Amino acid sequence: MTPNFIIYAPLLAVSLLFFSWSCYKRFALIAVGQPENRFEQLDQRIMGVLTYALGQKRVMARSFGLNHAVIFWAFLVLLLANGEFLISGLFPALNLALLPGPIHHLLQFAFDAVSLLALAGVVLAAGRRLFFAPDYMETSYTSAKSAEAFLILGSIALLMLAYFGLHGAMIAMGKESATYMPVSGLASTLLAAVPAENLQALVSFFWWLHALVLLLFINYLPHSKHMHILTAIPNCFFKSLEKPNTQPREEFVKGGRFGAGSVDQLAWKDLLDGFSCTECGRCQSVCPAAITGKPLNPRQVVHDIKINLLKGSLEQDSYVPGQPLIGTGEGSVSEDAIWSCTTCGACMAACPVLIEQMPKVVKMRRHLVQMKSQFPEELLNLFENMEGRSNPWGIAPTDRTKWYATMDVKPFDADTTEYLLYVGCAGSFDSRQKHVTVALAHILDAAGISWGILGKEELCCGDSLRRLGNEFVFDKLAKQNVALFNEKRITKVITQCPHCFTTLKNDYRQYGLELEVIHHSELIDSLLTSGKLKLNHQVKELGKIAFHDSCYLGRHNDVYDPPRNVIAAATGSAPQEFERNHENSFCCGAGGGRMWMEEQLGSRINLNRIEEALAGKPDTLCVSCPYCLTMFADGIKDLQADQIQVKDIAEVVAEGLRPVNQ
Amino acid sequence: MLIVVCIKQVPDTTQVQIDPVTNTLVREGIPFIANPYDTHALEEALRLKDQFGMRVVAVSMGPPNAEATLRKALAVGADEAILLSDRVFGGADTLATSNVLSAAIKKLNEQEEVGLVLCGKQTIDGDTAQVGPGIATRNGYSQLTLVDRVDQVDLAGKKIRVRRKLEGRHEIVEAPMPAMLTVVRELNRPRYPTVPLRLESEDREVKVWNNEALKLDVNSIGLKGSPTWVSRIFSPEREKGEIVGDGLHDPKGTSRLLIEKLLSKDLLPV
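Computed from a predicted model, the values in this text were never measured in an experiment.

Analysis parameters
- Residues numbered from 1 in each chain as written.
- Chains lettered and ligands numbered in written order.
- Predicted model: local features only at pLDDT ≥ 70, side-chain atom pairs only at ≥ 80, totals over all residues.
- Heavy atoms only, no water.
- Helix = DSSP H or I, 4+ residues; strand = E, 2+ residues; numbered from the N terminus.
- Buried < 20%, exposed > 50% of the residue type's maximum accessible area, 1.4 Å probe, protein only.
- Contact = heavy atoms within 4.5 Å.
- Areas by Shrake-Rupley, 256 points an atom, 1.4 Å probe, with all protein chains shown as cover.
- Lys, Arg positive; Asp, Glu negative; His and termini not counted.
- Charge placed at Lys NZ, Arg CZ, Asp CG, Glu CD.
- Buried area = accessible area lost by both parts, 1.4 Å probe.
- Salt bridge = Lys/Arg side-chain N within 4 Å of Asp/Glu carboxyl O.
- Nonpolar A, V, L, I, M, F, W, Y, C, P; charged D, E, K, R; others polar.
- Pairing = 2+ DSSP bridges.
- Right-handed = clockwise from strand over helix to strand, strands pointing away.
- Phe/Tyr/Trp six-rings, centres within 6.5 Å; stacked < 30°, edge-to-face > 60°.
- Lys NZ or Arg CZ within 6 Å of the ring centre and 35° of its normal.
- Axes fitted to C-alpha atoms, helices over the stretch in contact; angles between N-to-C directions.
- Left-handed = near helix turned anticlockwise from the far one by under 90°.
- Parallel < 35°, antiparallel > 145°, perpendicular 65-115°, else oblique.
- Domains from an automatic or database assignment.
- Polar contact = N/O pair within 3.5 Å; in protein donor to acceptor, adjacent residues only side chain to side chain.

Novice: Would you mind going over the overall build of chain A in detail, with residue names and values included?
Specialist: If you tally the helices and strands in chain A, you get 26 helices and ten strands. Oriented by its inertia axes, the alpha-carbon framework of chain A measures out at about 100 × 60 × 45 Å. Counting the 662 residues in chain A, one finds 59% classified as buried. Taking all contacts inside chain A whose residues are at least 6 apart in sequence as the whole, residues at least 24 apart take part in 78%. Of the accessible surface of chain A, which amounts to about 27000 Å², a share of 59% is contributed by carbon and sulfur atoms. Side-chain charges of chain A comprise 58 positive and 64 negative groups, with the mean position of each set lying 0 Å from the other.

As structure tokens, then:
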């Protein structure tokens, strides 16, 4: 090889220095974020890297993802090749030929083969961007046909071509053998027409082309979305080990700042997320708010946080933000966007590099509610009702027992009852959901379960407060609940609401309360399987049943099979699936406190889901969540699709408990 | 200049039930809240403070636990909170209550000029709407009841112009200050306290004034000073309603019938 040491050495040194400086500037900005321990449970973290980064699990969840995986794996192999290239440019004697023959030959073959795969990969990627790009690649700040994307793809292609050119010419000169480099061998035959005396010039040309593109590419990385090459693997390592909606508690001390009103009030991992985003748009493609035309786009939130961070100035140890985090324009997240989130977690489930979009929104809500008292006006009543009467509607707590007017229901007593049925606010007060509570109570009795309730003493779990950013009041409520549960010696809890379920099960763990919390679909599943619950007849009267995964049961808690098993056992056939099901399920529109707000922007989320259901022509929509029940009942009325009824899973089962002759 | 806001701690009446045997309110376990109308009075005072820089003093007469309600007033931005609490104040009707509140406001006026006194239009437990006017009369203030809009405050000219919400009409009234206003809910939307203010309010002082501070004749306050007393509380029997038309078979005709009926009884605004 023919590098000119005098030119190459300083060029390499300057490139590496500039690259290091760029990286340092970026990482110094990330360090501006708030501390958060993301180092515990190393085994799970390493598994995360193996599964999501090296294994490309989420990347390949979509059909074209394989193409990225091929380019990525080729990149890993070629890291070695390019390392050798840069070093042997300085010291020609230091090269892989020093390795034992078979290993060297294997590497030669590997480099040759994966270079071809990488070349094919970037050509396909460019073709996709040009001719069959999915809609979700487009957004306000970038597009499928962005110059940046083609610059990156073009650079990679050029690197591969230079590689083949260099080795082809070397083979043509007889300095290398084509035996282990079939693709370069092919290239050498293309160079057969080149006069021998010009081959050395070609070698030099391709060598310098490869070197220059490589060094420019390296230095372009930290300033582009391609930064993810450096940050995606750490990002997977530092993933959240909590459930997506269980976000860190805040400590309420005087002089504290609560939530994130400026970019440096976000955690460092939130900032790392910004540099890990590849702008693939998958979160955007699954976000119920984005799909229904609301101003929220999870990828834009991550982008704006990154832009905001970059606009600030960092001198010594003090960081001064360049613009408000919450506001208008690029680099700020609008209040409308912040309040549009249903905290359904679809964005987080879609992100190939495990970016946490939704928690950032909640952190900004915490700031707006707690520091500014700025929120949609509908929430004022909600917050006051929650604090004053411990339920969203502000109904008298004494009414919590009205649902069982005609039944014999016992209060929970640790000495005589096994389970607490945590009825929940909807189950206690919502006229439609009260039917579900009654159905569930009948099921529990039919199965001989020992259960009781808290009655007038029951408090709201505080789910909506927490998702809406009113952490202060949630904190008070959680402490009251934890004290109540401890005092009553409650250990096993049945809930009929995925929001109560997740709050009691995951959020209260942060308060030291470890409960065995069972969603009614799980309990009914186990009762049917064990034979403790026997139906009087197979449920046929509800016709074809489609099952909808609630976000807080499915995506947030991985409960997918129990409700399906229940429907299959009760009706004799598996439920019909929505097109978007399991972890791809689509929100009803009521999570994240959206239940209590008007939906004034864009089209309605519940209608989007009902329209999807209508495609399968079901007779019954089966849900497992009071919010979904309300949203779907409303959506069906709006679309005048009265041929469909909405039932909770407990009601489907209770149908089978009716005597046969009725 | 001071704005004094009178706040009463009341039982959360949505949770109050009447004991069918004794005909008294079942108060056990019922949470106390700030009288909702009073929170609108406080909000208006805070808005005037934001605009003109007056100081807002929240005053409440009640048992020691009424301190919680005053602390909430501090949490939304009141500058000072004074609890008028003494056993001799207990058992007061509206007259005795106005005597105590009027005296406290006079005492405040000795330290700093009181420009406005704001009260809710009535409390949700007693519903008499007499205490605000009682204060105005005793202290010789202009009396502006049922205010749903404050149009103008002229501090130099000591004048205030408000809109009063009356049945079926509004009235715009200008009056000299000091003035006592009672307010309705339409006046404003009370603010929600920020967490830093809430945390700070936990340590702030709620002053307690007893009768040694006010030096009122014990015959004019508390039970002794109350010429009225409650003889019986009961839920009135509800008169039987009527079923209008046949909504099941003729929804349109029935709606029309219902609207005509309501119009004839003057129950719908036209």
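Novice: Got a sec to walk through the interface of chain A and chain B? Specific residues and values, please.
Specialist: Counting residues at the interface gives 23 residues for chain A and 17 residues for chain B. For the pair chain A and chain B, the two sides together bury roughly 1700 Å², of which 57% comes from carbon and sulfur. In this assembly, chain A and chain B are joined by four salt bridges. With its nearest N and O atoms 2.5 Å apart, the salt bridge here joins Arg389(A) to Asp12(B). A per-class count over the side of chain A that touches chain B returns eleven nonpolar, five polar and seven charged.

Novice: Please set out the pairing of strand S6 (residues 516–519) of chain A residue by residue, giving values where relevant.
Specialist: Residues and elements named next belong to chain A. For strand S5 (residues 492–495) and S6, the ladder comprises four bridges, and the chain directions are parallel. Bridging from a neighbouring strand, Thr495 pairs with His519 of S6. The handedness of the S5 to S6 crossover, carried by helix H21 (residues 498–507), is right-handed.

Novice: Break down the packing of aromatic side chains for me, with residues and values.
Specialist: Here the distance between the centres and the angle between the planes together describe a pair of aromatic rings. All names here are of chain A. Per the stated rule, a full pass over the model turns up 24 aromatic pairs over all chains. Summarising the aromatic geometry, the rings of Phe39 and Phe238 are spaced 5.1 Å apart at their centres and angled 75 degrees between planes, so their arrangement reads as edge-to-face. Pair noted here: Phe39 is in the loop between helix H1 (5–30) and helix H2 (42–54) and Phe238 is in the loop between helix H8 (228–237) and helix H9 (268–276), with a separation of 199 residues, a long-range link. A residue is classified by how much of its surface remains accessible, and Phe238, at 13% relative accessible area, is buried. Taking the centre distance of 6.1 Å and the plane angle of 85 degrees together, the rings of Trp596 and Tyr627 count as edge-to-face. Note that Trp596 is positioned in the loop between strand S8 (576–577) and helix H24 (605–614) and Tyr627 in helix H25 (residues 626–638), a separation of 31 residues in sequence. An identical accessibility class is assigned to Trp596 and Tyr627; each is buried. A network of ring pairs unites the aromatic residues Tyr8, Phe85, Trp207 and Trp208 as a single cluster. Over the ring of Phe578 we find Arg609, and its NZ or CZ is 3.8 Å from the ring centre.

Novice: Run through the pattern of salt bridges, naming residues and quoting values.
Specialist: Enumeration over the complete set of coordinates arrives at 50 salt bridges over all chains. Here the residues in one salt-bridge network are Glu36(A), Arg38(A), Lys269(A), Asp270(A), Asp273(A), Glu356(A), Lys360(A) and Lys363(A), joined through shared partners.

Novice: An account of the environment of Ala178(A) is needed here, citing residue identities and associated values.
Specialist: Locating Ala178(A) in the fold gives a position in the loop between helix H5 (147–172) and helix H6 (182–190). Aside from chain neighbours lying at most four places away, what touches Ala178(A) is Ile171(A) and Gly185(A).

Novice: Go over the packing of helix H3 (residues 65–90) of chain A against helix H4 (residues 101–131) of chain A, please, and point to the residues and values.
Specialist: Residue and element names in this part refer to chain A. Running from amino to carboxyl end, H3 crosses H4 at an angle of 140 degrees, the nearest separation of the two axes being 8 Å. The handedness of the crossing between H3 and H4 comes out as left-handed. Facing Asn67, Val70, Ile71, Ala74, Val77, Leu78, Leu80 and Ala81 of H3, the residues of H4 in contact are Leu107, Ala110, Phe111, Val114, Ser115, Leu117, Ala118, Gly121, Val122, Leu124 and Ala125. Residues of the contact of H3 with H4, tallied by class, amount to 16 nonpolar, three polar and no charged.

Novice: Residue-level account of unusual backbone geometry, with values.
Specialist: Cis geometry marks the peptide bond from Met177(B) to Pro178(B), where omega comes out at 5 degrees. Along the chain, the position of Pro178(B) falls in the loop between strand S11 (169–176) and strand S12 (179–183). Even without being a glycine, Thr343(A) presents a positive backbone phi close to 50 degrees. With respect to the helices, strands and loops of the structure, Thr343(A) is situated in the loop between helix H13 (335–340) and helix H14 (346–350). What makes Thr343(A) buried here is its relative accessible area of 1%. With a phi angle near 55 degrees, Ser390(A) is a residue other than glycine that sits in the positive phi range.

Novice: Outline the sheet that holds strand S13 (residues 206–209) of chain B, listing residues and values.
Specialist: All names here are of chain B. Across the sheet, nine strands lie side by side as S11-S10-S9-S12-S8-S1-S6-S7-S13; this open sheet has mixed pairing. Only two strands of the sheet have a single neighbouring strand rather than two, namely S11 and S13. The sheet shows a mean angle of 35 degrees between the axes of neighbouring strands, taken without regard to direction. In this sheet, strand S6 (residues 55–61) lies alongside strand S1 (residues 2–6) in parallel orientation, the contact comprising five bridges. The residue bridging Cys6 from the neighbouring strand is Val59, located in S6.

Novice: Give me the lowdown on the packing of helix H3 (residues 94–111) of chain B against helix H4 (residues 131–139) of chain B, citing residues and values where you can.
Specialist: Residue and element names in this part refer to chain B. Axis separation between H3 and H4 bottoms out at 8 Å; the angle between their running directions is 50 degrees. In terms of orientation, H3 lies oblique with respect to H4. Note on packing geometry: the crossing formed by H3 with H4 is right-handed. Across the interface between the two elements, Thr94, Leu95, Thr97, Ser98, Asn99, Leu101, Ser102, Ile105 and Lys106 from H3 touch Val131, Gly134, Ile135, Arg138 and Asn139 from H4. Broken down by class, the residue content of the contact of H3 with H4 amounts to five nonpolar, seven polar and two charged.

Novice: Residue-level account of the domain arrangement of chain A, with values.
Specialist: Looking at chain A, the domain boundaries give domain 1 (5–30 + 62–237), domain 2 (263–372) and domain 3 (380–657). Taken over C-alpha atoms, the centre of domain 1 of chain A sits 54 Å from the centre of domain 3 of chain A.

Novice: How would you summarise the side chain of Arg71(B) if you had to cite specific residues and measurements?
Specialist: All names here are of chain B. Its location among the elements puts Arg71 in helix H2 (residues 67–76). In terms of polar contacts, Arg71 uses its side chain to reach the backbone carbonyl oxygen of Arg204, at 2.9 Å. Apart from the residues lying within four places of it in its own chain, the contact partners of Arg71 are Ser201, Glu202, Asp203, Arg204 and Val206.

Novice: Kindly report on the sheet that holds strand S7 (residues 545–547) of chain A, identifying the contributing residues and their values.
Specialist: All names here are of chain A. Overall, parallel pairing links the four strands, which are arranged S8-S7-S9-S10 in an open sheet. This sheet does not close on itself; its edge strands, each paired only once, are S8 and strand S10 (645–648). Sitting on the sheet, H25 is in contact with strand S9 (620–623) and S10, with an inclination near 175 degrees to S10.

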